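One letter stands for each residue in the lines below.
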Amino acid sequence: MTKSFVGAALLFLTANFMTTRVSGQAPANTDTTQFATTAATEQRIISRVDTIYLAPAKEAKTPWYKTLSIRGYAQVRYNRLLETNPQLKCDQCDKSLGAGNGFFIRRARIVFSGNVHERLFVYIQPDFASSPGGTALNFVQLRDAYFDLALDAAKEFRIRVGQSKIPFGFENMQSSSNRLALDRSDAINSAFANERDLGLMFYWAPSEIRERFEELTSSGLKGSGDYGVFGIGVFNGQTSNKSDANDQLHTAVRLAYPLKLTNGQFIEPGIQAYTGKYVVTPDQLSSGVSLGTEQQIEEGFTDRRVAASLVIYPQPLGFQAEYNIGEGPEFDPETMSIKVKSLHGGYAQTMYRMKVGDHVLIPFAKVQYYDGGKKHERDATSHKVYETEVGAEWQPFKNFELVADYSIADRTTKTASNLYNRQHGSRLRLQAQFNF
C-alpha cells in the first residue's frame, strides 16, 4: 500500500510539474535530472496547444479604393483627305468635319470602376476632350457617374442610379471604342445627345447571359456591353449634363437577348422604346422662332420613339441593322415655329472579321437614312440624311487601332438662320485609337 501511495504521489508531482512549466512558472524543489527528462514532453504539449487553440490572424480587409480599376482610350482624327465639299458638316456626328478644322482629339476618356462592396458597383468616366462648340476644344466633361446596386447575390437584378446611357438602341449602347464606323447613325443617335441622361434604371439578366455580354465585348466581336436582357427606367429627358426643365420624367424600356447557336454563332435581336416631354429651352432658340402652344412652352413637346435592332456578330461575317419611328420637336420653315412631327430612319451595316497573323482586320460597309428633327440642336433642326460609308479597322495589337472611313453623304438641314441648307460630297477620314 505504501508503494502504491508513493507511486501516486510521484505521479501527482510529475503532473503538477508539467502544468507549472506550461504555464510559465518555475517548479519548486526540482532537480536538473527531472528538468531534462520532461523538456521533450513539454515541447510536444506546447506544439499541440499552438496548433489547436491559437486563433489564426485575421486577414486585413481590402480598402474600397484598392478594388477600383483604371482604364481608358483616346481617339485622334483627321477628316479632310479627298474632301469634295468643306461645307458638308454634322455637329452631332463630329465637330471637326468641314472647313476650319484639322487634327482633332475625338475622345480622351478614363474609366474608374469596380466593386467597392459585394452588392455595389461604381462606374465613373470623365472625357477630357469635350467640345462645347465654336473653336473651344478639350474641355473636361462628365460622361458617366452611376452606381449599380445588386438586389441578389448573383447580381442578376440591378438598380442603376446616376448618369448613364439610356437603354435605347444597340449602337447607342455600344462604346465608341468598339464601334466600327466613326460615328453613330443620325437616325438612332438623334434620340439622345451623348446617349446619356440622369435617372434611375432597373436591369435584369441571368448570370449566364451576363457572361455572354462580357464575352461579346472582350473577344473583339464589337458587343454593346451588359445592359441586361430587360431594362426599364426613368430619367430627366433633357439629355446628359442638363437639368430637368418640366418636372416630368421620360420612361424607357428595352429587351435584348444574345442567342448562341450550336455552331457558336451569336445573334442578338432587340426592341426598345421611350416616351416623355422635351422642353426646347430659350438658349436653343433663334430670334423669331415660336414654340407653338402655351402648353408646349410649359410642359414640352411630345418625344417618343420605338426601335428594332438585329445584330449578327462577325464570326467572321456579320450584319447589323436598326430602324426607329416616332415623333418629336422639329423646326417648321413655313411657320417659323417648332412643331411635333413624325420621324423615321435607320441604318444597315455589314462587316467581316479576319485575323492575319497576330493582326485583326475588319472591313465594313454602312448605309443610313434619317428624316426628322434633332431636338437638342438649335431650333430643333430639321434633317434629311442619306449617307454611305466604306472602311476598315486594323488592329496590329490590342492597344492600337487604325480606322480608314470613306463616306459619301447628302445632308439637308433647316433652321431659322438657313431655311434650306443642302450639302453633298465625300471625304476620307482617319482615326487612330489608343487603348490603355
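Residues numbered from 1 in each chain as written. Predicted model: local features only at pLDDT ≥ 70, side-chain atom pairs only at ≥ 80, totals over all residues. Heavy atoms only, no water.

Undergrad: So what about the overall build of the chain? Which residues, and what values?
TA: When you go through the chain residue by residue, the secondary structure sums to six helices and 18 strands. Burial status across the chain gives 45% buried among its 436 residues. Taking as baseline every contact in the chain between residues at least 6 positions apart, the subset at least 24 positions apart corresponds to 61%. Surface accessibility of the chain: about 21800 Å² in total, with carbon and sulfur atoms responsible for 60%. (Helix = DSSP H or I, 4+ residues; strand = E, 2+ residues; numbered from the N terminus. Buried < 20%, exposed > 50% of the residue type's maximum accessible area, 1.4 Å probe, protein only. Contact = heavy atoms within 4.5 Å. Areas by Shrake-Rupley, 256 points an atom, 1.4 Å probe, with all protein chains shown as cover.)

Undergrad: Now, about the pattern of salt bridges: what can you tell me, with residues and values included?
TA: Counted under the stated rule, the structure contains 28 salt bridges. Of the charged contacts, one joins Arg 160 and Asp 148 as a salt bridge, the two residues approaching to 2.7 Å between their closest N and O atoms. Here the residue Arg 160 occupies a position in strand β5 (residues 157-165), and Asp 148 occupies one in strand β4 (residues 139-150), the gap between them amounting to 12 residues. Its salt-bridge partner being Asp 226, residue Arg 158 comes within 3.2 Å of it at the nearest N-O pair. Of the two residues, Arg 158 is situated in strand β5 and Asp 226 in the loop between α5 (207-218) and β7 (230-235); the sequence distance between them amounts to 68 residues. (Salt bridge = Lys/Arg side-chain N within 4 Å of Asp/Glu carboxyl O.)

Undergrad: Account for the nonpolar core, with residues named and values stated.
TA: By size, the foremost hydrophobic cluster in this structure holds 14 residues, and its most contacted members are Ile 166, Phe 168, Phe 192, Phe 235 and Tyr 274. When sequence neighbours within four positions are dropped, the list of residues in contact with Tyr 274 reads Phe 168, Ala 191, Phe 192, His 250, Thr 251, Ala 252, Asp 303, Arg 304, Arg 305 and Lys 375. Grouped together as the second largest cluster of nonpolar side chains are nine residues, Tyr 278, Val 280, Ile 338 and Ala 380 included. (Core = buried A, V, L, I, M, F, W, Y, C linked by side-chain atoms within 4.5 Å.)

Undergrad: Would you mind going over the state of the cysteines in detail, with residue names and values included?
TA: Evaluation of the coordinates by the stated rule reveals one disulfide. With its sulfur 2.0 Å from that of its partner, Cys 90 forms a disulfide with Cys 93. Across the disulfide from Cys 90 to Cys 93, rotation about the S-S bond amounts to roughly 60°, and the bridge is consequently right-handed. We classify Cys 90 as buried; its relative accessible area is 5%. We classify Cys 93 as buried; its relative accessible area is 8%. (Disulfide = S-S within 2.5 Å.)

Undergrad: Any details on the pairing of strand β10 (residues 266-278)? Residues and values, ideally.
TA: Consecutive side chains of a regular strand alternate in pointing toward one face of the sheet and then the other. Side chains of β10 alternate between two faces, with Phe 266, Glu 268, Gly 270, Gln 272, Tyr 274, Gly 276 and Tyr 278 buried and Ile 267, Pro 269, Ile 271, Ala 273, Thr 275 and Lys 277 left unburied. Sheet analysis places strand β8 (residues 250-256) next to β10, joined by six bridges and oriented antiparallel. Each residue of the ladder has a partner; that of Thr 251, found in β10, is Thr 275. From the end of strand β9 (residues 259-260) to the start of β10, which pair antiparallel, there are five residues, and Gly 264 there has a positive phi angle of about 95°. The sheet contact formed by β10 and strand β11 (residues 301-312) spans 12 bridges and is antiparallel. Looking at the pairing, Gly 276 lines up with Asp 303 of β11. (Pairing = 2+ DSSP bridges.)

Undergrad: An account of the side chain of Gln 349 is needed here, citing residue identities and associated values.
TA: Relative to the assigned elements, Gln 349 resides in strand β13 (residues 337-352). A relative accessible area of 4% places Gln 349 in the buried class. Setting aside its immediate chain neighbours within four residues, Gln 349 contacts Leu 180, Ala 181, Gly 318, Phe 319, Gln 320, Phe 364, Ala 365 and Lys 366.

Undergrad: Outline a nonpolar patch on the surface, supporting the account with residue identities and numerical values.
TA: On the surface, Ile 70, Phe 112, Ile 124, Leu 142 and Phe 147 cluster together into a nonpolar patch covering about 410 Å² of accessible area. Following the sequence through the fold, Leu 142 ends up in strand β4. Here Leu 142 falls in the partly exposed class, since its relative accessible area comes to 35%. (Patch = residues over 30% accessible without salt bridge, like charges linked within 9 Å, V, L, I, M, F, W, Y side chains within 5 Å.)

Undergrad: I'd like to hear about the confidence of the model for the chain, residue by residue, with values.
TA: Of the residues in the chain, 86% have a pLDDT of 70 or more, and the chain-wide mean is 89. In this model, residues 1-54 is a region of pLDDT below 50 whose contacts with residues beyond four sequence positions or in other chains number 18 contacts. (pLDDT = per-residue confidence, 0-100.)

Undergrad: Can you break down α5 residue by residue, with the values?
TA: A rise of 1.5 Å per residue sets the reference length of α5, with its 12 residues, at 16 Å; its end C-alpha atoms lie 17 Å apart and thus fit the reference within 8%. Within α5, burial applies to Ile 209, Arg 212, Phe 213 and Leu 216. For α5, the arc enclosing every buried residue in end-on projection is 100°, short of the 170-degree limit, so these residues lie on one face. In α5, those exposed residues whose orientation departs by more than 90 degrees from the buried face are Glu 211, Glu 214 and Ser 218. Packing partners of the buried residues in α5 comprise β8, β9 and β10. Gly 220 sits one or two residues past α5 and shows a positive phi near 85°. (Expected span 1.5 Å × (residues − 1). Arc of directions from axis to C-beta.)

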